[in-house]
Amino acid sequence: MTDTAEPRPAENPIDPERSACVLIGVDDYRHLDKLRSVRHNLAELRAALTDPSIWGIPESRIREVVNPVSPAELVGPITEAAELAEDALIVYYAGHGLIDRNERQLLLTLPDSVEGKSYTSVRSSDVRRAIRDTGAAPRRVLILDCCFSGQVLTEMTDGHRQDVEAAVQTLRDVEGAYVMTSATRDRPSHAPDPENCTLFTGALVDVMRKGLRGGPELLSLHDLFVAVKERIRVHRPEIPQEPQAEDHNGVGRHGFVRNVAVLPRVVIQEVERPHVPTRWERVRTPVLSLTAGVLGLALGLGTQPLVHWWHDTHPAAAAGPCAVPSPDDAAAPRAVLLDHSDALNKQNVDYEDIYGLSALALVSQGKDVKALALADNSPGRIWPVTLGSPFELGLAAGTAVPLRRADGTKFPIDGDWYDGEGMVIENGGKTVLVSSETGPAVRRFDIATGRQVGKDLAIPKELRYWPQGSAQTGRSIEALALSPDGRHLYAGWEAPLAEDGDQRGRGIIRIQRYTGTPGGTYTPDRQSAFLADDGMYLSELTAVDDNGGLLALERQYTAGLGSEIRIAQLSLADAPDVTELTSLWHQPAKIFAPDELVVDLATCPAGGPGAVAVPASTPQHPLLDNVEGMALGTPWTAGKYKGWHPLYLVSDDNDSDSQITRFYSLAVRLRS
């Protein structure tokens, strides 16, 4: 194979009308660095491939797969497209690449993939079989943009590095195949700007959109490869990146996309289309007939059909008691769902998208509740949010405040910041404390300017990542709470330390208490432990009183089942200090803080049909999504819920089209 791009006649062009394409992207990782550039890759590549001036594949023949949660969700669309393809099957993947250290095989990662655990990823051999063994397409193309970024890359050892070039071997036994990869087996791919495409895919799309002057009328895959390789070479990334390609039976020389540099752009002619009946025109006659039939049945056979019709057209609201009984009165609930709102879902304020809300803190209460919401996406933002009334949420967001260093400069994207998960407002309302899983770290910021104030809080050595401590990668400080008097700060770790483990599936969670003064120094002084519910992780804490009373928000996600969200009341007042215990595994039960379930969100009413306008990512319950933020209000002093507390929750949509930014308001009865 030679890297020449001399003009030549196109060979056997690939027909977009008879081809099929699958674009797979993974950007929302739980254990690896998130790859925001991947979402731009999918959008830009799809736009280029469907543009009739470039290639013009019909929308019905291109499939976009975003953050598949299982191997079946990644491989399944490939086999479906292969059955559809009559000419060429094109498969593109962007995300982190890992190596199976035992089999030396490329692994395509999923959102929950874990480095060193090959069973959490998809083997390249499975992708090969899906492309090779399905359908009758004579030409098959695999394009891989696998990359690491930031801290994950610097921590990788030789045995764990990505091996993109190994994918060249995956289609050797397919008749008529072409493989293009973003890098060699031992080099990274780059995503220098999370707001734009990765280096490789950005170059690929750029060549498609601009064409090659002096090139042929149709550019082949090999033409694109040579041009992309040259663009990356000119870019001169800090760590060299050299795309690779392999052509089997000359598929790489076949005409692929139009060279827009030498051909006029395609003009889509407007044609007269037949009249398409409006929705009302389509349903008018059946609706009128059905209405008459329902009335006739109601009059002739009784009122039951009319009752069903009434309930279907007037669905019950998604509000009411949640089925967790009070310990004092089995007939009384511990919590009541008051309202929910998706008003900020996929919204934009001052050209900044609202997503990734992971913490919530109340600024003011009363008739018009106001709060701050923390976004976990770099470089870090705090959104001022009006919640309205807990009985009728009325959401509105103001301009976000970006988090900065003390001198006003940005935190480095590839440094020890940022994955903000916890936030509390200090007494006086001028500063916030923000925790980040990256680091881990706790820092103080001025609310008005977003600038850091003072030094980072101390993190005990044993609670840090290896080699200092044994915290699980990506599962460190997830929760932050401040006692009402401001004297005690509580930092909760999302998952057990490696030294602690679990008790029959219930994670042993450590909570580090700090003692100090608002705006001043907080010093770690003792640790408590509690058992999370089966398979659950700690997502957030909020203080109930000044004596170690806390609410703990626990969550988990299971593919195919969705999210589980539970809130328990803890009491650390009599829980022993476990700081000196190296491991909490097989310790007596008396070391764990007592807890009581207050809310199981799955037991709250989801209402009738349509009451939840946008179903969440949990199939069995349309209300449930990835709840990560929680804020507790002061108890009501009058009315139906006198003595109860308003409780507000927010879900993190992870910048994913399949998840929702949703706010919830509840009334909860707590044990004093």
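Since the structure is predicted, the reported quantities are computational estimates derived from the model, not experimental observations.

### Quick look at the overall build of the protein
Helices and strands together make up the secondary structure of the protein, namely 8 helices and 35 strands. Residue burial in the protein is summarised as follows: out of 672 residues, 53% are buried. A separation of at least 24 residues holds for 64% of the contacts in the protein among residues at least 6 apart in sequence. Total accessible area computed for the protein in this model is approximately 29500 Å², and 52% of it derives from carbon and sulfur atoms.

### Side note on helix α3 (residues 124-132)
Residues of α3 that are buried: Ser124, Ser125, Val127, Ala130 and Ile131. Of the surrounding elements, those touching the buried residues of α3 are α2 (71-84), β3 (88-95), β5 (105-108), β6 (122-123) and β7 (139-146).

### Describing the environment of Pro524
Counting through the fold element by element, Pro524 comes out in strand β28 (residues 522-534). Pro524 gets classed as partly exposed once you look at its relative accessible area, which sits at 27%. Each C-alpha atom of the pair Pro524 and Gln512 lies 6.8 Å from the other, and the pair is 12 residues apart in sequence. Contact partners of Pro524, with chain neighbours within four places excluded, come to Ala458, Pro460, Gln512, Arg513 and Tyr514.

### Observations concerning empty space enclosed by the protein
Where empty space is left in the structure can be found by rolling a water-sized probe over the atoms. Under the counting rule described, the total for this entry stands at 3 cavities of 30 Å³ or more. The volume enclosed by the largest cavity comes to roughly 60 Å³. Taken together, Cys21, Leu23, Leu45, Leu49, Ile90, Tyr92, Ile143, Met208 and Phe256 form the lining of the largest cavity. Every element with two or more residues in the lining of the largest cavity is listed here: β1 (20-25), α1 (37-50) and β3. For the lining of the largest cavity, the per-class residue count stands at 9 nonpolar, no polar and no charged.

### Remarks on unusual backbone geometry
Gly439 connects to Pro440 through a cis peptide bond whose omega is -15°. For Pro440, the location among the structural elements is in the loop between β22 (431-436) and β23 (441-446). Cis geometry is adopted by the peptide bond preceding Pro467, which originates at Trp466 and carries an omega value of 15°. Tracing the chain through its elements places Pro467 in the loop between β23 and β24 (477-482). Of note in the backbone geometry, Asp350 takes a positive phi value of approximately 50° without being a glycine. Inspection of the secondary structure puts Asp350 in the loop between β14 (348-349) and β15 (352-353). In the Ramachandran plot, His586 falls in the positive-phi region, its phi being about 65° despite a non-glycine side chain. Checked against the element boundaries, His586 lands in the loop between β31 (562-571) and β32 (595-600).

### Quick notes on the side chain of Thr661
Position of Thr661 relative to the elements: it lies in the loop between β34 (645-651) and β35 (663-668). Judged by relative accessible area, which is 0%, Thr661 ranks as buried. Once residues within four sequence positions are removed from consideration, Thr661 is found in contact with Ser341, Asp342, Leu344, Asn345, Ile354, Tyr355, Leu357, Ser651 and Asp653.

### Notes on the packing of α1 against helix α5 (residues 199-210)
Relative orientation and spacing of two packed helices are given, respectively, by the angle between their axes and the distance between those axes. Two elements in contact, α1 and α5, have axes whose closest approach is 10 Å; the angle formed by their N-to-C orientations is 20°. Judged by the inter-axis angle, α1 sits roughly parallel to α5. Regarding α1 and α5, the two cross each other, and that crossing is left-handed. Where α1 approaches α5, its residues Asn41, Glu44, Leu45, Ala47, Ala48 and Leu49 are matched on the opposing element by Thr201, Leu204, Val205, Met208 and Arg209. Residue composition of the contact of α1 with α5, grouped by class: 7 nonpolar, 2 polar and 2 charged.

### Description of the sheet that holds strand β2 (residues 62-66)
Adjacent strands of a sheet form backbone hydrogen bonds with each other and so pair up, either parallel or antiparallel. Read across the open sheet, the 6 strands follow the order β2-β1-β3-β7-β8-β10; overall the sheet is mixed. Two strands in the sheet have a free side with no partner beyond their single neighbour: β2 and β10 (244-248). For this sheet the average axis-to-axis angle between neighbouring strands, irrespective of direction, equals 10°. Two elements, β7 and strand β8 (residues 177-181), share 5 bridges in a ladder whose sense is parallel. Each bridged residue has a counterpart across the sheet, and for Leu144 the counterpart in β8 is Thr181. Against the sheet, helix α6 (residues 221-235) engages β7, β8 and β10, with an angle of about 15° to β8.

### Description of the nonpolar core
With 72 residues, the main nonpolar core has Leu49, Leu74, Tyr93, Met208 and Phe256 as its most contacted residues. If we ignore the near neighbours within four places in the chain, the residues touching Leu49 are Cys21, Leu23, Trp55, Gly56, Ile57, Ile62, Met208 and Phe256. Grouped together as the second largest cluster of nonpolar side chains are 26 residues, Leu337, Leu551, Val598 and Leu666 included.

### Observations regarding the sheet that holds strand β21 (residues 420-425)
Read from one edge to the other, the open sheet built from 3 strands follows the order β21-β22-β23, with strand pairing classed as antiparallel. Every other strand in the sheet has two partners, leaving β21 and β23 as the edge strands with one partner each. Here the average twist between neighbouring strands, direction ignored, is 25°. For β21 and β22, the ladder comprises 5 bridges, and the chain directions are antiparallel. By the bridge assignment, Gly420 is partnered in β22 with Ser436.

About the cut-offs
- Residues numbered from 1 in each chain as written.
- Predicted model: local features only at pLDDT ≥ 70, side-chain atom pairs only at ≥ 80, totals over all residues.
- Heavy atoms only, no water.
- Helix = DSSP H or I, 4+ residues; strand = E, 2+ residues; numbered from the N terminus.
- Buried < 20%, exposed > 50% of the residue type's maximum accessible area, 1.4 Å probe, protein only.
- Contact = heavy atoms within 4.5 Å.
- Areas by Shrake-Rupley, 256 points an atom, 1.4 Å probe, with all protein chains shown as cover.
- 1 Å grid on protein atoms, 1.4 Å probe; cavity = no way out; pocket = protein on both sides within 12 Å on 5 of 7 lines; lining within 4 Å.
- Points joined across faces, edges and corners; volume = space filled by probe spheres on them.
- Nonpolar A, V, L, I, M, F, W, Y, C, P; charged D, E, K, R; others polar.
- Axes fitted to C-alpha atoms, helices over the stretch in contact; angles between N-to-C directions.
- Parallel < 35°, antiparallel > 145°, perpendicular 65-115°, else oblique.
- Left-handed = near helix turned anticlockwise from the far one by under 90°.
- Pairing = 2+ DSSP bridges.
- Core = buried A, V, L, I, M, F, W, Y, C linked by side-chain atoms within 4.5 Å.

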